[in-house]
Amino acid sequence: MIRRVLISVILTIAPCVLHAQVSLDDYCESVLAYSHELQDAEFAKQGAREREIVARKGYLPILSLARELNIEARKPDEGRRWNWLTQLDVSQPIFRGGEVRATAKRAELAFDISEYEAGATEFLVRYTAEVAYWSLSRAEGYYEAIAQYVAIVESLRDVVAERYDAGYISKSDLLQVASRLSDARYQLSEAEQKRDIALHNFNLLRGVEPTSKVVLAESIFNSVALPVRESVDSVILRHPDYNSSELSAMRAFWGIRAERARYLPKIEVGAYALLQPNMPHVRGGTRLDGGFMLSFSSPIYHFSERRHAVAAARSDYLREVNATLAVVDRITLEESDTWTNLCATRDRVATAQRNLSIAEENLSISTYSYREGLASILDVLQAQLSWLQIYTNTLSAQYDYAVAVSAYDYVTCR
């Protein structure tokens, strides 16, 4: 009987093979290509790169042009009441207390941080895609299980109808099976709804029409090998969150240098050219002047402002250092938890598969015994329920294990 049921299920889903199969790797790549989160991360990297270039321009001279028009309220005794001035300046910073270097270094570190953050986003998007893939696989598996369950109950109904027509059983058995069949079809409708919702999420993540049909090349029932556990130290050293946190602490350190530089002497050199009318300003006649400039400035005292500003920047640095230590603890905990979950789910898969074999055998024996008049209808119905429950548990165990593997890869950044 079970062989006939399996054949009917295969014939039911056979038209789906006409669609192109989608492997897990191909699906992840399509999700990565469409991901809005990754696009945002790329824009953030571009912005950080441009700000780094701007910060490095602080080493270069500045060329500026200014034009000025003055109109006096009272007409002077000689010349016009208005005059103008055109000034061209070239200035080059010589020393700013290290402010330019600190600003450029902070911008460079900000770009490096954005790269690690983009990497972390990519790992998260890939993990999300894998979960969506396995969720659709589970939803399809559950739908096929309920469809098989409906076929099993329908087959039992035919047997019960034959025995009822032959006068071997009462109508009570027939009514019980009819009630069970109605409930099975109700569950099939729910399973179809869950499958469609999982399909919508699967397609939207890769930017495809939600209702587009798809055939998965891989299933949660495929044997996924247990990954090799890695040392926590190696995981931490390559983890984007740890590297980003370390660079954030370094950036805060250069923030101390930048804050201190605001209160150090500054030296600049420059040259200027002036074009203006002769004074008094009459029609015609302009003159060109120019010169060189050496500028020195230094704050002397501002009620301990420098000390407090540097202390505040140092506090920000210490907070970033402490945040890095917290990231190390979090990665260590996540690696331990995901590995424990991985091993536990793998054990549950083995147990569920053994139970499923027993339930299938029990269902076959119960159905045969009922056909031969050696068992009651309640025994068969109970065997069907037991088979469905254990089959569902097996699906959940397989799904949990597949997601656990994806989670461990995500936490260890593989």
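Residues numbered from 1 in each chain as written. Predicted model: local features only at pLDDT ≥ 70, side-chain atom pairs only at ≥ 80, totals over all residues. Heavy atoms only, no water.

K.L.:
Please explain the overall build of the protein as it appears in this structure.
P.N.:
Scanning the protein from N- to C-terminus turns up nine helices and six strands. Its C-alpha atoms give the protein principal-axis dimensions of roughly 135 × 50 × 35 Å. Looking at the protein as a whole, 37% of its 414 residues qualify as buried. Considering only contacts in the protein between residues 6 or more positions apart, those separated by 24 or more positions represent 82%. For the protein, the computed accessible surface area is about 24,000 Å², with 55% contributed by carbon and sulfur atoms. Counting 46 positive and 54 negative side-chain charges, the protein places the centres of these two groups 8 Å from one another. (Helix = DSSP H or I, 4+ residues; strand = E, 2+ residues; numbered from the N terminus. Buried < 20%, exposed > 50% of the residue type's maximum accessible area, 1.4 Å probe, protein only. Contact = heavy atoms within 4.5 Å. Areas by Shrake-Rupley, 256 points an atom, 1.4 Å probe, with all protein chains shown as cover. Lys, Arg positive; Asp, Glu negative; His and termini not counted. Charge placed at Lys NZ, Arg CZ, Asp CG, Glu CD.)

K.L.:
Got a minute to help me understand the pattern of salt bridges in this structure?
P.N.:
For side chains of opposite charge, pairing can occur when their charged atoms come near one another. Taken as a whole and judged by the stated rule, the model has 20 salt bridges. Connected through shared salt-bridge partners, Arg49, Glu52, Arg56, Lys105 and Glu108 make up one network. (Salt bridge = Lys/Arg side-chain N within 4 Å of Asp/Glu carboxyl O.)

K.L.:
Would you take a moment to explain the packing of helix α4 (residues 99-165) against helix α7 (residues 240-261) for this structure?
P.N.:
The angle between the axes and the distance between the axes are what describe a pair of packed helices. The geometry of α4 relative to α7 is characterised by a closest axis approach of 9 Å and an angle of 165° between their N-to-C directions. When the interaxial angle is binned, α4 and α7 end up roughly antiparallel. Judged by the sense of rotation from one axis to the other, the crossing of α4 with α7 is left-handed. When its residues are assigned to classes, the contact of α4 with α7 shows 14 nonpolar, five polar and nine charged. (Axes fitted to C-alpha atoms, helices over the stretch in contact; angles between N-to-C directions. Parallel < 35°, antiparallel > 145°, perpendicular 65-115°, else oblique. Left-handed = near helix turned anticlockwise from the far one by under 90°. Nonpolar A, V, L, I, M, F, W, Y, C, P; charged D, E, K, R; others polar.)

K.L.:
Whenever I open this one, the pairing of strand β5 (residues 266-277) confuses me. Can you help?
P.N.:
One face of the sheet, then the other: side chains in a regular strand alternate in exactly this way. Relative to β5, strand β3 (residues 82-95) is paired through nine bridges, and the arrangement is antiparallel. Looking at the pairing, valine 90 lines up with alanine 271 of β5. Bridge count for β5 against strand β6 (residues 286-297) is 12 bridges, and the pairing is antiparallel. Looking at β6, one finds that alanine 271 is bridged to phenylalanine 292. (Pairing = 2+ DSSP bridges.)

K.L.:
In this structure, what is going on with unusual backbone geometry? I would like to understand it.
P.N.:
Comment: phi is negative for the bulk of residues other than glycine, and the bulk of peptide bonds are trans. Backbone geometry at phenylalanine 303 places phi at a positive 55°, although glycine is not the residue there. Tracing the backbone shows phenylalanine 303 in the loop between β6 and α8 (305-371). Here phenylalanine 303 falls in the exposed class, since its relative accessible area comes to 65%.

K.L.:
Help me out: how do you make sense of the sheet that holds β5 in this one?
P.N.:
Note: strands within a sheet are paired through backbone hydrogen bonds, in either parallel or antiparallel orientation. Strand order in this open sheet of four strands is β2-β3-β5-β6, and the pairing throughout is antiparallel. Edge positions in the sheet fall to β2 (62-71) and β6, since each has one partner strand and no second. Strand after strand, the sheet turns through a mean of 20° between neighbouring axes, direction not considered. Sheet topology note: the β2/β3 ladder contains 10 bridges and is antiparallel. For leucine 65, the partnering residue across the bridge sits in β3 and is leucine 88.

K.L.:
What exactly am I supposed to notice about the state of the cysteines here?
P.N.:
Disulfide: a covalent bond formed between the sulfur atoms of two cysteine residues. In the structure shown here, the tally under the stated rule is zero disulfides. A disulfide-free cysteine, cysteine 28 has its sulfur positioned 15 Å from the sulfur of cysteine 413, the nearest such atom. On the accessibility criterion, cysteine 413 (10% relative accessible area) is buried. (Disulfide = S-S within 2.5 Å.)

K.L.:
How should the nonpolar core be read in this particular structure?
P.N.:
Soluble globular proteins: nonpolar side chains tend toward being buried together. Within the largest apolar cluster, 54 residues are counted, with the highest numbers of intra-cluster contacts made by Tyr27, Trp134, Leu156, Phe202, Tyr370 and Trp387. When residues of this core are traced back to their parent elements, those giving at least two are α2 (24-34), α4, α5 (171-205), α8 and α9 (377-411). Looking at this core element by element, the count peaks at 19 residues for α4. Those residues within four positions of leucine 156 in sequence are excluded, and the remaining contacts are Val177, Tyr370, Ile377, Val380, Leu381 and Gln384. Membership of the second largest hydrophobic core comes to nine residues, among which are Leu342, Ala352, Ala397 and Tyr408. (Core = buried A, V, L, I, M, F, W, Y, C linked by side-chain atoms within 4.5 Å.)

K.L.:
Would you mind going over the environment of glutamine 187 with me for this structure?
P.N.:
Mapped onto the elements, glutamine 187 comes out in helix α5. Contacts of glutamine 187, omitting those with residues within four sequence positions, involve Tyr142, Ile146, Tyr149 and Leu388.

K.L.:
Honestly, the packing of aromatic side chains in this entry has me stumped. Any pointers?
P.N.:
A ring pair, where both rings are aromatic, is described by two values, the distance of the centres and the angle of the planes. According to the stated counting rule, one finds 11 aromatic pairs in the structure shown. Among the aromatic residues, those joined into a ring-pair cluster are Tyr27, Tyr133, Trp134 and Phe202. The residue whose ring lies beneath arginine 49 is phenylalanine 111, and the NZ or CZ to ring-centre distance is 3.8 Å. Over the ring of tyrosine 143 we find arginine 195, and its NZ or CZ is 4.1 Å from the ring centre. (Phe/Tyr/Trp six-rings, centres within 6.5 Å; stacked < 30°, edge-to-face > 60°. Lys NZ or Arg CZ within 6 Å of the ring centre and 35° of its normal.)

K.L.:
Help me understand a nonpolar patch on the surface in this model?
P.N.:
Taken together, Leu63, Leu65, Leu88 and Val90 make up a surface patch of nonpolar side chains, about 380 Å² in accessible area. Structurally, leucine 63 can be placed in strand β2. (Patch = residues over 30% accessible without salt bridge, like charges linked within 9 Å, V, L, I, M, F, W, Y side chains within 5 Å.)

K.L.:
Looking at this structure, I do not really get α8. What am I missing?
P.N.:
Because the α-helix completes a turn every 3.6 residues, residues three or four places apart line up on one side. With 67 residues, α8 should cover 99 Å at 1.5 Å per step; its first-to-last C-alpha distance of 95 Å lies within 8% of that length. In the stretch just after α8, glycine 373 is the one whose phi turns positive, near 80°. (Expected span 1.5 Å × (residues − 1).)

K.L.:
Explanation requested: the layout of surface pockets in the structure shown.
P.N.:
Counted as a void, the second largest pocket has a volume near 280 Å³. Counting residues per element, the ones that place at least two in the lining of the second largest pocket are α2, α4 and α9. Counted by class, the lining of the second largest pocket contains eight nonpolar, two polar and six charged residues. (1 Å grid on protein atoms, 1.4 Å probe; cavity = no way out; pocket = protein on both sides within 12 Å on 5 of 7 lines; lining within 4 Å. Points joined across faces, edges and corners; volume = space filled by probe spheres on them.)

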